[in-house]
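Understanding the architecture of this molecule
The residues making up each chain are set out below.
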Amino acid sequence: GKTPTQNVAEWNVGVGAGAGYQLNGIGTAANWNLGATNNASPNTGTTTFGWIFGDQNIDVKDKENWAQIDGEYSAGLGALSTVQFGLRYNDHKRSSEGVIGQGPGPGASDPANFPQGFQNFPSNFGSGLGSGFPTNVWYYTPGQLAAYNAFTNRDPVTREDWNSEFSVKEKNTAGYLQGNLEGNHWSGNIGLRLVQTQENVINNVASPATAPGAITTSAFGPFVRQQVNHTYVDALPSMNLKFDLSKDVVARFAASKTMTRPDYSSLAGQVTLSPPAQFGAIGSGSGGNPDLKPITSNNFDTSLEWYFAPRSMVSASVFAMNLTSYVGLGTVTRSYVTSTPDHPANYMADYQLTVPVNTSGNVTGIELAYEMPLGKNFGFATNATFINAYDANNGPLVGASKRTANLSAYFEDERFNARISYNYRSSFYSGLDRSTAFYQAAVGTLAMSLGYKYSEQLAFTLDAQNLNNPTLKYYALSEDQPRAFYKNGRQFYLNAHLKF
């Protein structure tokens, strides 16, 4: 994850008479204009230097050492056919250190040092977003900005951007034991996994310059490095059963407890504090939460499948997830070294922080699927899922669409195969951006894959994604508050497979 330099600068172009904007919900992007401002070229009368910004020397490193051993024992004890077991250990570290938050240096604001010459965006730039905004806008090329950024301050000491630095170390040890079962018209397995998670989190916290251990050399303010250690042990049982009710009807049941770990940014994000106005008051702040526990869920799933013809199936399943340790946003109270105008000596003050917290949630739903051939070589498959998902405060769960559906059609023979698929999901909660909730609107995508088997040794595949090039639309609390529109373009992958 290395980005050594980003040459970035900002200019103020001014706002002329008649400037304005109009929001259009999520139907199209916002219309906006700068009035009488000349957008086609820099104007020395109105264009002034703004700021030079952007983190430099970004080098997010991931390193993992791991070892694993698995075994299987043929038991042959009645319904117990085999026993599987294993151990796994991994030591993972992710860190971002030595980040430089560049700023303007001597001469940056002098127009004589501005780049000479400019380019213009194409006249149809952004037309795919479906709205009107200034076109033919001027810009400096990356090469021009690289030369101009000689007037930046990238001192590694005074411009250390501690807000972007962190370190997370995780040591995980796991062992499992699983028994595989077989009987008359039924089969399944039952198992248990034990997992120990050892976490060491280092994040940075704003502090008074006189606080013990404070680092005071950064222009971004004094800070202290905070280290938090935790150890968690989780027992994760699971059971899967399959019943052949008849030659063509299969019933399945599954129950399990699963665990995953919080995102590193939730654990190690920097903590920004707003000190209390006076001694005895409570301050505020936001940031990451190194005390987050692993995310755990109790899961139940039952399904019925009917294989009514060769290569044909219709199925229905009902599922439920009880998220006993989901990560949402909440408040916690913590104490930090503080000084206030009426109490300049350092003391421990309480702060109410808005941070990721462990909470609970529930997901229930039903999934329907249908697949069948149409003649010898053609066929189709479709499925739809309907869910109800909410957290402990009846708020939405991240990434949970109430409705998802897929429809695909295929052709295949001994040499050639083709499949085209349409995937749809309804709107869903994406998370928080600067303490504001935002959502992604409903979207459908079209994909296709082609395969050709030239011989037993040589085959070709062509995969295409986003064929309809959908616009991804994000909004805030309602669709009247658009936040962002993206078009990611179509993607094509051509592969050759050669066997010797």
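Everything in this summary refers to the structure shown in the same document. (Residues numbered from 1 in each chain as written. Predicted model: local features only at pLDDT ≥ 70, side-chain atom pairs only at ≥ 80, totals over all residues. Heavy atoms only, no water.)

1. A closer look at a nonpolar patch on the surface
The condition is simple: Exposure above 30% relative accessible area and the absence of a salt bridge qualify a residue for a patch, where like charges join within 9 Å and nonpolar side chains (Val, Leu, Ile, Met, Phe, Trp, Tyr) within 5 Å. Each accessible area is a Shrake-Rupley result for a 1.4 Å probe, and residues are judged covered by the shown protein chains and nothing else. Just to be clear on terms, a salt bridge is a Lys or Arg side-chain nitrogen sitting within 4 Å of an Asp or Glu carboxyl oxygen. Secondary structure elements follow DSSP: runs of H or I no shorter than four residues count as helices, runs of E no shorter than two count as strands, and numbering proceeds from the N terminus. When a residue's accessible area, from a 1.4 Å probe over protein chains only, is under 20% of the maximum for its type it is buried; when over 50% it is exposed; and in between it is partly exposed.
Residues Val-318, Ile-366, Leu-368 and Phe-386 make up a contiguous nonpolar surface patch of roughly 320 Å² in combined accessible area. Mapped onto the elements of the fold, Phe-386 is located in strand β23 (residues 378-391). According to the relative accessible area criterion, Phe-386 is partly exposed, its value standing at 38%.

2. Remarks on the sheet that holds strand β27 (residues 436-440)
Filter applied, for reference: Pairs of strands are assigned from DSSP output, requiring at least two bridges between the strands. Working convention: axes come from line fits to C-alpha atoms, limited for helices to the stretch in contact. Angles between N-to-C directions cover 0 to 180 degrees.
Pairing in this open sheet of 4 strands is antiparallel, and the strands run β26-β27-β30-β31 from one edge to the other. In this open sheet, the two strands that pair with only one neighbour each are β26 (428-433) and β31 (482-487). When the angles between neighbouring strand axes are averaged without regard to direction, this sheet yields 25°. With 5 bridges connecting them, strand β30 (residues 471-475) and β31 associate as antiparallel partners. Residue pairing for β31: Thr-471 is matched across the bridge by Lys-487.

3. Let's talk about unusual backbone geometry
Despite not being glycine, Asn-57 shows a phi value in the positive range, around 60°. If you trace the backbone, Asn-57 turns up in the loop between β6 (55-56) and β7 (58-77).

4. Looking at the layout of surface pockets
Rolled over the atoms, a probe as big as a water molecule pinpoints where empty space is left. To keep it simple, the criterion reads: We place a 1 Å grid over just the protein atoms. Points where a 1.4 Å probe fits but has no way out form a cavity, open points with protein on both sides within 12 Å along at least 5 of 7 lines form a pocket, and any residue with an atom within 4 Å of a point lines it. Grid points are joined across faces, edges and corners, and a volume is the space filled by probe spheres set on the points. Residue type decides the class: Asp, Glu, Lys and Arg count as charged, Ala, Val, Leu, Ile, Met, Phe, Trp, Tyr, Cys and Pro as nonpolar, and the leftover types, Gly among them, as polar.
Here the largest pocket defines a volume of roughly 800 Å³. Lining the largest pocket we find 31 residues, and of these Gly-328, Leu-329, Pro-356, Tyr-429 and Leu-432 sit closest to its centre. Counting only elements with at least two residues in the lining of the largest pocket, the list comes to α2 (264-268), β21 (312-340), β22 (343-374), β26 and β27. When its residues are assigned to classes, the lining of the largest pocket shows 14 nonpolar, 13 polar and 4 charged. Estimated volume of the second largest pocket: approximately 550 Å³. Taken together, 18 residues make up the lining of the second largest pocket; nearest its centre are Val-13, Phe-121, Val-137, Trp-138 and Tyr-139. Elements that contribute at least two residues to the lining of the second largest pocket include exactly β2 (10-12) and β12 (138-139).

5. A short note on the nonpolar core
Condition: Among buried residues, those of type Ala, Val, Leu, Ile, Met, Phe, Trp, Tyr and Cys that are joined through side-chain atoms within 4.5 Å constitute a nonpolar core. Residues count as neighbours in contact if any of their non-hydrogen atoms are within 4.5 Å of one another.
Counting residues in hydrophobic clusters, the biggest one holds 11 residues: Val-205, Val-224, Val-271, Leu-273, Tyr-336, Tyr-347, Ala-349, Tyr-351, Leu-353, Val-355 and Val-357. By residue number, the principal contributor to this core is β22, which donates 6 residues. Excluding residues within four positions of it along the chain, Ala-349 makes contact with Pro-276, Arg-334, Ser-335, Tyr-336 and Thr-338. Judged by nonpolar contacts, the second largest core, of 10 residues, contains Trp-11, Ala-108, Phe-114 and Leu-145.

6. Looking at the packing of aromatic side chains
Basically, it comes down to this: Put simply, two rings from Phe, Tyr or Trp (the six-membered ring, in Trp's case) pair if the centres are within 6.5 Å, and we call them stacked under 30 degrees between planes, edge-to-face over 60, tilted for the rest. By definition here, charges over rings are those cases where NZ of Lys or CZ of Arg is within 6 Å of the ring centre and within 35 degrees of the ring normal.
Scanning all chains against the criterion turns up 20 aromatic pairs. Measuring from centroid to centroid gives 5.2 Å for Trp-11 and Tyr-148, while their planes differ by 45°, and the two rings are tilted. With Trp-11 in strand β2 and Tyr-148 in helix α1 (residues 142-148), the pair connects residues that are 137 residues apart, well separated along the chain. Ring centres of Phe-121 and Phe-125 lie 4.7 Å apart, and the angle between their planes is 40°; this geometry places the pair in the tilted category. Under the relative-accessibility criterion, Phe-121 is labelled partly exposed at 31%. Residue Phe-125 is classed as partly exposed on the basis of its relative accessible area, which comes to 45%. Within the aromatic cluster, the residues linked to one another by ring pairs are Trp-11, Phe-114, Trp-138, Tyr-140, Tyr-148 and Phe-151. If you follow Arg-425 out to its NZ or CZ, it ends over the ring of Phe-428, 3.8 Å from the centre.

7. Brief notes about the side chain of Asn-90
The residue Asn-90 is located in strand β8 (residues 80-96) in this model. Once residues lying within four places of it in the same chain are set aside, the contact partners of Asn-90 are Glu-64, Asn-65, Trp-66, Glu-170, Lys-171 and Asn-172.

8. Let's talk about the environment of Ala-254
Along the polypeptide, Ala-254 turns up in strand β17 (residues 249-260). Apart from the residues within four sequence positions on either side, Ala-254 is in contact with Met-239, Asn-240, Asn-299, Phe-300 and Asp-301.

9. Regarding the environment of Ala-36
By the element assignment, Ala-36 lies in the loop between β4 (31-33) and β5 (48-51). In this structure Ala-36 comes out as exposed when scored by relative accessible area, which is 65%. Once you skip the residues sitting within four places of it in the chain, Ala-36 turns out to touch Gly-16 and Ala-17.

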